[in-house]
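# Structure assessment
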Amino acid sequence: MILVNKSRIMANGSQIDKQAEEPVENRLREKRQLLGLSQKTLADLAGITRQSVGAIEANLYSPATVVALRLARALKCRVEDLFSVKAAPEFVEGELVGRLPAGISKSRVKVTRVGERLLIRPLSALGGFSVLTAGSDGFVLGPRRPGKRVNVQLLRERREVDGQIAIAGCDPAIALAAEYVRRNLRQDCALPCVMGSSAAVEALKRGEVHVAGVHLADSDTGEWNLPYLRRHLKDTSCLVVTFASWEEGLIVARGNPKGIHSMADLVRKDVKLVNREAGTGARHLLDRQMTLSGLSPDHIRGYADTVPSHVELAWMIKGGIADVGVGARVAASAFEVDFIPLQTERYDFVIPRVYYDTHPSLKAFLDTIVSGSFRTELEALGGYDTRE
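What this report covers is the structure whose coordinates are included nearby. Small disclaimer: the values here were computed from a predicted structure and weren't measured.

Okay, the packing of aromatic side chains next. One pass over the full model with this rule turns up eight aromatic pairs. Between Phe 243 and Tyr 347 the ring centres are 6.3 Å apart and the planes differ by 70 degrees, which places this aromatic pair in the edge-to-face class. Residue Phe 243 is found in strand 14 (residues 238–252), and its partner Tyr 347 is found in strand 18 (residues 338–352); the two are separated by 104 residues along the sequence. Overall, Phe 243 belongs to the buried group, its relative accessible area being 1%. Ring centres of Trp 246 and Tyr 347 lie 5.1 Å apart, and the angle between their planes is 70 degrees; on these two criteria the pair is classed as edge-to-face.

And the structure:
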């Protein structure tokens, strides 16, 4: 029998205080369902009534200490795993990187600290399909301030935000590495920012990211990445870490219905190209192959149509929006379309020493990309060689 008065419920002789005004995070239903228990079973194990369990799960009441301890014992967990006081919302001000979506009152953003700067990135500015798949760190509130400074209501603890690293690059496996880091540390702390190699290096120079991924060959020597980095980062002390060798080539529809086999086929009237933006490794490769074949961009339908990632390029070919594009084998494998290899490239990560020496999450990221389990899965994606 349950007796109700203005301030409490009595359940089998146990007192449940009416919910205090201070908001409480209640995970009782989630924990009970995870263990496959009914409300009646949990009530019997805790020595209270089923109605009491239902009232607590519905946030009508917060349990008194004795009842909370009984519930935790029944569910074989700690009280704080079931109930905790909600922290008051925290607000920060930072620099906006990219544009806020128009017509949205609460823009979802990621927040990273790079050096002394707190950077706010709309999810739509991260590239790829992050706008749909990534969880946000907070919401932008109010109008944009002078100097592109905005206020953000955080959805995560400030220490978690400060521990996050931003990794710029176009390799789809960066997202896989970020997922491995999340599993190992039990929190999101590696943020992939999809952009081409040249753009990634420029973002590194501007102090907007902690890591830049590059795959750019020197036109004179054929050496990968280092000549480019010496020219563009000559005043910055950096570590260069080889991630993997991968294949780039022509991505075409499954079964290659247009019969595309070489660069000469790109000038055909029935072939539509989808391109990567200027400054990317794929664009460098395409332009170099066109020069060797004596082809002009004016004669290639779709040369000016660009996408920001290998994944989106393969997706457009999969959907029949375009017939061919230069991209990574891993993207072709992911969308089950065909691939014609053109060259093997070395993909390196560039890390300024100042971040390497001071940012703990970078060690977790580097430990991840050399781990056996990650590299085994990386090679299973197709087109990667991690021996180097």
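The subject of this paragraph is the nonpolar core. The biggest cluster of nonpolar side chains holds 33 residues, and the ones touching the most others in it are Ile 167, Phe 243, Phe 349, Phe 365, Ile 369 and Phe 374. Those elements giving two or more residues to this core turn out to be strand 11 (165–169), helix 8 (173–185), strand 14, strand 18, helix 15 (360–369) and helix 16 (372–381). When residues in this core are grouped by element, the largest group, seven residues, is from helix 8. In terms of nonpolar packing, the next biggest core, distinct from the first, is built from 20 residues, Leu 126, Ala 168, Tyr 228 and Leu 229 among them.

On to helix 9 (residues 197–205), then. What helix 9 keeps buried is the set Ser 197, Ser 198, Ala 200, Val 201, Ala 203 and Leu 204. Buried residues along helix 9 sit in contact with strand 11, strand 13 (211–214), helix 10 (226–232), helix 11 (281–293) and strand 18.

A word on the side chain of Arg 121. Mapped onto the fold, Arg 121 is located in strand 8 (residues 117–122). Despite its burial, Arg 121 pairs with no opposite charge, the nearest such side chain being Glu 208 at 5.1 Å. Setting aside anything within four residues of it in sequence, one finds Arg 121 in contact with Val 97, Arg 108, Val 109, Lys 110, Thr 112, Leu 126, Ala 166, Leu 191, Cys 193, Glu 208 and Val 209.

About the cut-offs
Residues numbered from 1 in each chain as written. Predicted model: local features only at pLDDT ≥ 70, side-chain atom pairs only at ≥ 80, totals over all residues. Heavy atoms only, no water. Phe/Tyr/Trp six-rings, centres within 6.5 Å; stacked < 30°, edge-to-face > 60°. Helix = DSSP H or I, 4+ residues; strand = E, 2+ residues; numbered from the N terminus. Buried < 20%, exposed > 50% of the residue type's maximum accessible area, 1.4 Å probe, protein only. Core = buried A, V, L, I, M, F, W, Y, C linked by side-chain atoms within 4.5 Å. Contact = heavy atoms within 4.5 Å. Lys, Arg positive; Asp, Glu negative; His and termini not counted. Salt bridge = Lys/Arg side-chain N within 4 Å of Asp/Glu carboxyl O.

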